[in-house]
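So you can see what is in the structure, the chains are spelled out below.
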Amino acid sequence: MGVSYTEHTVPARLDPKAVLTLLKPVTWFPPMWAFTCGAISAGVPLSSERLWTLALGIGLTGPLVCASSQAVNDWFDRHVDAINEPNRPIPSGRIPGQWGLAIAIVWSALCIVWALPLGRFGLGAVAVALAFSWAYSAPPFRFKRNGWLGNTAVGFTYEGLAWVTGAGIMLGNSVPPTPLLLLAVLYSIGAHGIMTLNDFKAIEGDRTMGIHSLPVMLGPTGAGWVASMVMLVSQFAVIGLLLSWGRPGYAAAIGVLTALQAGLMWWFVQKPVERALYLSAFGVPFYVSGMMVSAFAVRTVPIITAVATEAVRS
């Protein structure tokens, strides 16, 4: 049986409130936070010039790059949203015609323009982020059709790429040293689990439209266990790294935050569909708090200090 949907017919006039809803400000926080963590982890003193660069980067990662990815996703997901969330701006008709696609294109172009003052490193990172955001949602790639691939792409761009970009810009547009790259990778892996939590609200539409999210492929319970274990294991690895770098106090702090998450996760996997939103609301903040703890912990590691000192001199 075929599946179809009908967008509401409304006057072709753009509603500014609907545009803001399309850009989903609530989703801007993770990359902005990861960028800030990266900047702090670089260990470079925040002079007035670097504070301006930091503000420029935070504005880029959230209201621009992340917002553009949300617009792209909503346009190419309008058929799925008509089932899962029919009140979204595009399927509801509040953003009529081709306006959704136009906003996605214009916002992506603004990202490139905004990134120009950040130099080649920042501009390159934005180009990669935009490429992944379009490939995630748009044919022919449409990474989101597979939960393993799609969530990995989002985790590495929202968390890892944002972290590396923040650190690299603070270090004079250079690739950050290995400890920072390791932290970025681990927190990106953990973010895969966070993305899986978001998929529980769309199981019906995803199944209908042939999107193989983890809850669809593994069932809610299986996906719940995978999401939880991915988040926990990545943080255990971070704790191990901090201990190896002689930062036991910071490692202990992240251990406490991880233990709190583990308790919530045990409660979550008993009824994953009903409780996924609660784990996102109350468990994920412990995860992102650990990111900031790690950022402060690593900024005084000798190799980071040496690179930061060289960046200040140059």
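Residues numbered from 1 in each chain as written. Predicted model: local features only at pLDDT ≥ 70, side-chain atom pairs only at ≥ 80, totals over all residues. Heavy atoms only, no water.

Colleague: Describe the layout of surface pockets, naming the residues involved and giving the relevant values.
Modeller: To locate leftover empty space, one rolls a probe as large as a water molecule over the atoms. Counted as a void, the second largest pocket has a volume near 240 Å³. Lining the second largest pocket, in full, are Ser 47, Glu 49, Arg 50, Trp 52, Thr 53, Leu 56, Pro 117, Leu 118, Ile 169, Met 170, Gly 172 and Asn 173. Elements with a minimum of two residues in the lining of the second largest pocket: helix 3 (48-76) and helix 8 (147-170). The dominant element in the lining of the second largest pocket, judged by the number of residues it contributes, is helix 3, at five residues. Grouping the constituent residues of the lining of the second largest pocket by class yields six nonpolar, four polar and two charged. (1 Å grid on protein atoms, 1.4 Å probe; cavity = no way out; pocket = protein on both sides within 12 Å on 5 of 7 lines; lining within 4 Å. Points joined across faces, edges and corners; volume = space filled by probe spheres on them. Helix = DSSP H or I, 4+ residues; strand = E, 2+ residues; numbered from the N terminus. Nonpolar A, V, L, I, M, F, W, Y, C, P; charged D, E, K, R; others polar.)

Colleague: Which residues make up the confidence of the model for the protein chain, and what values do they have?
Modeller: For residues with low pLDDT, the predicted coordinates do not support detailed interpretation. Averaged over all residues, the pLDDT of the protein chain is 92; the fraction at 70 or higher stands at 96%. Looking at the elements of the protein chain, mean pLDDT is at its lowest for helix 4 (residues 78-84), recorded as 86, and at its highest for helix 12 (residues 248-270), recorded as 98. Here residues 1-11 is a poorly scored stretch, pLDDT under 50, and it has 16 contacts once near neighbours within four places are set aside; other chains count. (pLDDT = per-residue confidence, 0-100. Contact = heavy atoms within 4.5 Å.)

Colleague: Explain the nonpolar core residue by residue, including any values.
Modeller: In terms of nonpolar packing, the biggest core is built from 66 residues, with Leu 60, Trp 163 and Met 291 touching the most fellow members. Residues in contact with Met 291, not counting those within four places in the same chain, are Trp 33, Ala 34, Cys 37, Glu 159, Trp 163 and Tyr 187. Counting residues in each nonpolar core, the second largest holds 21 residues, with Phe 143, Ala 153, Val 154 and Tyr 158 among its members. (Core = buried A, V, L, I, M, F, W, Y, C linked by side-chain atoms within 4.5 Å. Buried < 20%, exposed > 50% of the residue type's maximum accessible area, 1.4 Å probe, protein only.)

Colleague: How would you sum up helix 11 (residues 214-244)? Please name residues and give values.
Modeller: Here helix 11 spans only 34 Å end to end across 31 residues, well under the 45 Å set by a 1.5 Å rise per residue. Taking the largest bend as the criterion, helix 11 deviates by roughly 100 degrees, centred on Pro 220. Among the residues trailing helix 11, Gly 246 stands out with phi positive, at a value near 75 degrees. (Expected span 1.5 Å × (residues − 1). Bend = angle between axes of the 7 residues up to and from the residue.)

Colleague: Describe unusual backbone geometry, with residues and values.
Modeller: Pro 139 connects to Pro 140 through a cis peptide bond whose omega is 5 degrees. For Pro 140, the location among the structural elements is in the loop between helix 7 (119-137) and helix 8. Of note, the phi angle at Lys 24 is positive, near 50 degrees, even though the residue is not glycine. Looking at where Lys 24 falls in the secondary structure, it is placed in the loop between helix 1 (16-23) and helix 2 (29-41). Since its relative accessible area comes to 18%, Lys 24 is described here as buried. The backbone phi angle of Asn 173 is positive, close to 60 degrees, even though this residue is not glycine.

Colleague: Outline the environment of Gln 270, supporting the account with residue identities and numerical values.
Modeller: Within the secondary structure, Gln 270 is located in helix 12. At 2.9 Å, the side chain of Gln 270 forms a polar contact with the backbone oxygen of Trp 266. (Polar contact = N/O pair within 3.5 Å; in protein donor to acceptor, adjacent residues only side chain to side chain.)

Colleague: Any details on the packing of aromatic side chains? Residues and values, ideally.
Modeller: The tally for this structure, following the rule as stated, stands at nine aromatic pairs. Here Phe 29 and Trp 33 contribute two aromatic rings whose centre-to-centre distance is 5.3 Å and whose plane-to-plane angle is 35 degrees, an arrangement assigned as tilted. With Phe 29 and Trp 33 both in helix 2 and four residues apart, this pair spans about one turn of that helix. Taking the relative accessible area as the measure of exposure, Phe 29 reaches 42% and is therefore partly exposed. Exposure remark for Trp 33: the relative accessible area of 23% places this residue in the partly exposed category. Their ring planes at 85 degrees and their centres at 5.5 Å tell us that Tyr 187 and Tyr 287 sit as a pair that is edge-to-face. With Tyr 187 in helix 9 (residues 178-199) and Tyr 287 in helix 14 (residues 284-298), this residue pair connects regions lying 100 residues apart in the sequence. A relative accessible area of 1% means that Tyr 187 is categorised as buried. Residue Tyr 287 is classed as buried on the basis of its relative accessible area of 0%. (Phe/Tyr/Trp six-rings, centres within 6.5 Å; stacked < 30°, edge-to-face > 60°.)

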